Amino acid sequence: MVVLWFSCNFGVVGAEVSTKFTSAACLTRALFLFDVEIAKLSAPEPVGSLQEHYNNLCMEKFQKINPFLLHALQGVDEEIRKGLKGITLNIAGNNHSMPVERVTGEHFWILSKILEKNPYINGLDVRYNLISDVGAYYAARLLQKQHSLIYLNLMFNDIGPKGGELIAKALHRNTTLKYLRMTGNKVENEGGMFFAAMLQINSSLEKLDLGDCDLGMQSVIAFSTALTQNQTIKGINLNRPLLYGEQEESTVHLSHMLKENHCLVELYMSKHDVRNSGLKQLCDALHLNKSLRYLDISWLSVVSNSIEGEGLVALSESMKTNTTLSNIYIWGNKFDEATCMAYSDLIQTGRLKPDNTDVEPYVVDGHAYLAEVSNGLKKYYYWTPTYGDACSLSCNAGFSIVPVGNQL
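Residues numbered from 1 in each chain as written. Predicted model: local features only at pLDDT ≥ 70, side-chain atom pairs only at ≥ 80, totals over all residues. Heavy atoms only, no water.

### A word on the overall build of the chain
Heads up, the condition is: Numbering of helices and strands runs from the N terminus; a helix is a DSSP stretch of H or I covering at least four residues, while a strand is a stretch of E covering at least two. The contact definition used throughout considers only heavy atoms, calling two residues in contact when any of these lie within 4.5 Å.
What the chain contains, in helices and strands, is twelve helices and 13 strands. In the chain, 76% of the contacts between residues at least 6 apart in sequence involve partners at least 24 apart.

Right, dumping it as structure tokens:
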């Protein structure tokens, strides 16, 4: 049995794999040495099915079998036997329809070995598991070796800045991945900078979700700069960065980017503390940007920002000149009567469809007001039901207008 613990001097000093590293280089080196030791054991070749391959690898590496992962692999085996291709392997840790043993970094190493040369699977969903920076290392290795994967969902997996760096650098050479979700992993400003640098090199990734990742002002500005040149990204989520100051620098730079970028379809900037002056700059950019064709999936989300009447009215006016802008979500801001009248007019004239916004007008004593209504902006953003209207367009308005596969 070979189970190793590495310190940052790269020595073999114990009996488990540590997940605490001071640098991505330390993490990479330590796990590389771990791979070398494991490689000394005879790894079985892939056999008749994924579940058999998984069982054999677990036995060979003295790894406990994860029953939830085994069940998911059995389902994929059945799909392969039916002749299906382009399969998404779903091992989401927040699955409530059956008992779940969440996948760890060590489990993910086994999984990555199974998937390295599998031509049938092009999507991998491991949201809400516990792969951490150790699993991020193996995810990066998978991106370098697996040439069928177009969708990778790693949201909420306790991946930090170092793991984010490894994944971002792996995408420098990857030419197949189309959609990466890192939502909820606290890669912070440091990790965000590596993803922004990646966008200056990668020319195949189309959708990148870094919402709730604790990005900083520096990394948001870096994304704005990278997107002025990147011609392949069609959707990007930069929701809820950690911003400080009153100058709205992130809004200013994103507005400038929109004047230069002619490919972006979806932009998410909720909770950027957008104010009236910043929103006016965004509206100016909307007047100039005529290449945004599919805006029925919330091109601009200003939910929970600090916008008041004047800025919101300007946003409504932009819909009259920019005929492609179709979805606007404004609940959580301050509505004066002019705002209520403006959006009531947009909805009543049909310019803004009721399913494409999160407000609904009503009148009391001759005065117009706006009420919050259920919408598809993020209805199934964090989870997907096992039945019902999971696939309807009105329930998936957020970040889904640019398909990257039959099931994605």
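### Looking at helix α4 (residues 105-115)
Basically, it comes down to this: Think of it in three bands: residues with accessible area under 20% of the maximum for their type are buried, residues over 50% are exposed, and the middle band is partly exposed, with areas taken using a 1.4 Å probe on protein chains only.
The buried fraction of α4 is high, at nine of eleven residues. Listed as buried for α4 are Gly105, His107, Phe108, Trp109, Ile110, Leu111, Ser112, Ile114 and Leu115.

### Notes on the pattern of salt bridges
The line we're drawing: Whenever a carboxyl oxygen of Asp or Glu lies within 4 Å of a side-chain nitrogen of Lys or Arg, that contact is scored as a salt bridge.
Within this structure, the stated rule accounts for twelve salt bridges. Note that Asp125 and Arg127 form a salt bridge whose closest N and O atoms lie 2.7 Å from each other. On the basis of relative accessibility, which here comes to 7%, the residue Arg127 falls in the buried class. Its salt-bridge partner being Arg181, residue Asp209 comes within 3.6 Å of it at the nearest N-O pair. With Asp209 in strand β7 (residues 207-209) and Arg181 in strand β6 (residues 179-181), the pair connects residues that are 28 residues apart, well separated along the chain. Pair check on accessibility: Asp209 and Arg181 agree, each one buried. Within the structure, one salt-bridge network assembled from shared partners comprises Lys186, Asp212, Asp214 and Arg240.

### Thoughts on the packing of aromatic side chains
Formally: Only rings of Phe, Tyr and Trp enter the pairing, Trp through its six-membered ring, and a pair is recorded when the two centres are within 6.5 Å. The plane angle decides the type: under 30 degrees is stacked, over 60 is edge-to-face, the rest tilted.
For the structure on display, the rule yields five aromatic pairs. Plain terms: the ring middles of Tyr128 and Phe156 are 5.0 Å apart, the flat faces sit at 5 degrees to each other, and that makes the pair stacked. One end of the pair, Tyr128, is in the loop between β4 (121-125) and α5 (132-145); the other, Phe156, is in the loop between β5 (151-153) and α6 (161-170), with 28 residues separating them in the sequence. Residue classification places Tyr128 among the buried positions, given a relative accessible area of 18%. According to the relative accessible area criterion, Phe156 is partly exposed, its value standing at 26%. For the ring pair Tyr137 and Tyr138, a centre distance of 4.9 Å and an interplane angle of 80 degrees mean the geometry is edge-to-face.

### What about the sheet that holds β7?
As a reminder, the rule being used: At least two DSSP bridges between two strands are needed for those strands to be called paired. Every angle, taken between N-to-C directions, lies between 0 and 180 degrees, and every axis is a line fitted to C-alpha atoms, over only the stretch in contact when it is a helix.
The sheet built from seven strands is open, its strands ordered β3-β4-β5-β6-β7-β8-β9 with parallel pairing. Either end of the sheet is taken by a strand with one partner, and the two such strands are β3 (87-90) and β9 (266-268). When the angles between neighbouring strand axes are averaged without regard to direction, this sheet yields 10 degrees. Together, β3 and β4 form the strand contacts of α4, whose direction differs from that of β4 by roughly 165 degrees.

### Focus on the confidence of the model for the chain
Our working rule: pLDDT measures the predictor's confidence residue by residue and takes values from 0 up to 100.
Summing up the model confidence of the chain, the mean pLDDT is 82 and the portion of residues at 70 or higher is 75%. Under a pLDDT of 50 for its full length, residues 1-21 has, in the predicted model, 47 contacts with residues more than four places off or in other chains. Contacts of residues 294-299 to residues separated by more than four positions or lying in other chains number 35 contacts, the stretch itself having pLDDT below 50.

### Looking at the pairing of strand β12 (residues 359-364)
Put simply, side chains in a regular strand alternate between the two faces of the sheet. As judged from the six bridges shared by β12 and strand β13 (residues 367-372), these two strands associate in the antiparallel manner. Its bridge partner lying in β13, Val364 is registered against His367. The antiparallel pairing of β12 with β13 creates a hairpin that spans two residues between the two strands, and Asp365 there sits at a positive phi of about 55 degrees.

### Digging into the packing of helix α2 (residues 50-60) against helix α3 (residues 67-81)
At their nearest, the axes of α2 and α3 sit 7 Å apart, and the two run at 145 degrees to each other. Facing α2, whose interface residues are Leu50, Gln51, Tyr54 and Asn55, α3 presents Leu69, Leu70, Leu73, Gln74, Val76, Asp77 and Ile80.

### Considering the environment of Ser374
For Ser374, the position within the fold is in the segment after β13. Once the C-alpha coordinates of Ser374 and Thr357 are considered, the two residues, 17 residues apart in sequence, prove to be 8.8 Å apart.

### Some details on the packing of helix α10 (residues 276-288) against helix α11 (residues 309-321)
As a reminder of what qualifies: Orientation categories follow fixed angle ranges, with anything under 35 degrees roughly parallel, anything over 145 roughly antiparallel, 65 to 115 roughly perpendicular, and all other angles oblique. All amino acids are sorted into three groups, where Ala, Val, Leu, Ile, Met, Phe, Trp, Tyr, Cys and Pro are nonpolar, Asp, Glu, Lys and Arg are charged, and the leftover types, Gly among them, are polar.
Two numbers describe how α10 lies on α11: the axes approach to 9 Å, and their chain directions differ by 5 degrees. In terms of their interaxial angle, α10 and α11 are classed as roughly parallel. Contact residues: Asn276, Leu279, Lys280, Cys283, Leu286 and His287 in α10; Glu310, Gly311, Leu312, Ala314, Leu315, Ser318 and Thr321 in α11. Within the contact of α10 with α11, the residues separate by chemical class into six nonpolar, five polar and two charged.

### Brief notes about the side chain of Asn237
How we decide: We define a polar contact as two N or O atoms separated by no more than 3.5 Å, with the added condition that, inside protein, one atom must be a possible hydrogen donor and the other a possible acceptor, whereas residues neighbouring each other in sequence contribute only through side-chain atom pairs.
Inspection of the secondary structure assignment puts Asn237 in strand β8 (residues 235-237). Within the structure, the side chain of Asn237 is placed 3.2 Å from the side chain of Asp209, a separation counted as a polar contact.

### Section: the nonpolar core
The line we're drawing: Side-chain atoms within 4.5 Å are what join buried Ala, Val, Leu, Ile, Met, Phe, Trp, Tyr and Cys residues into a set we call a nonpolar core.
Ranked by size, the top nonpolar core spans 90 residues in total, and within it Leu180 and Leu208 carry the most contacts. If you tally residues by element for this core, the top one is α5, at eight residues.

### Examining the pairing of β4
Put simply, the rule reads: Convention used here: a crossover is right-handed provided that the path from the first strand, over the helix, to the second strand proceeds clockwise when the strands point away from the viewer.
Counting buried positions along β4 gives five out of five residues, so the element sits mostly inside the fold. Across four bridges, β3 lies against β4 in parallel orientation. From the neighbouring strand, Asn90 faces β4, where its bridge partner is Asp125. For β4 and β5, the ladder comprises three bridges, and the chain directions are parallel. Each residue of the ladder has a partner; that of Gly123, found in β5, is Tyr151. In terms of handedness, the path from β4 via α5 over to β5 forms a crossover that is right-handed.

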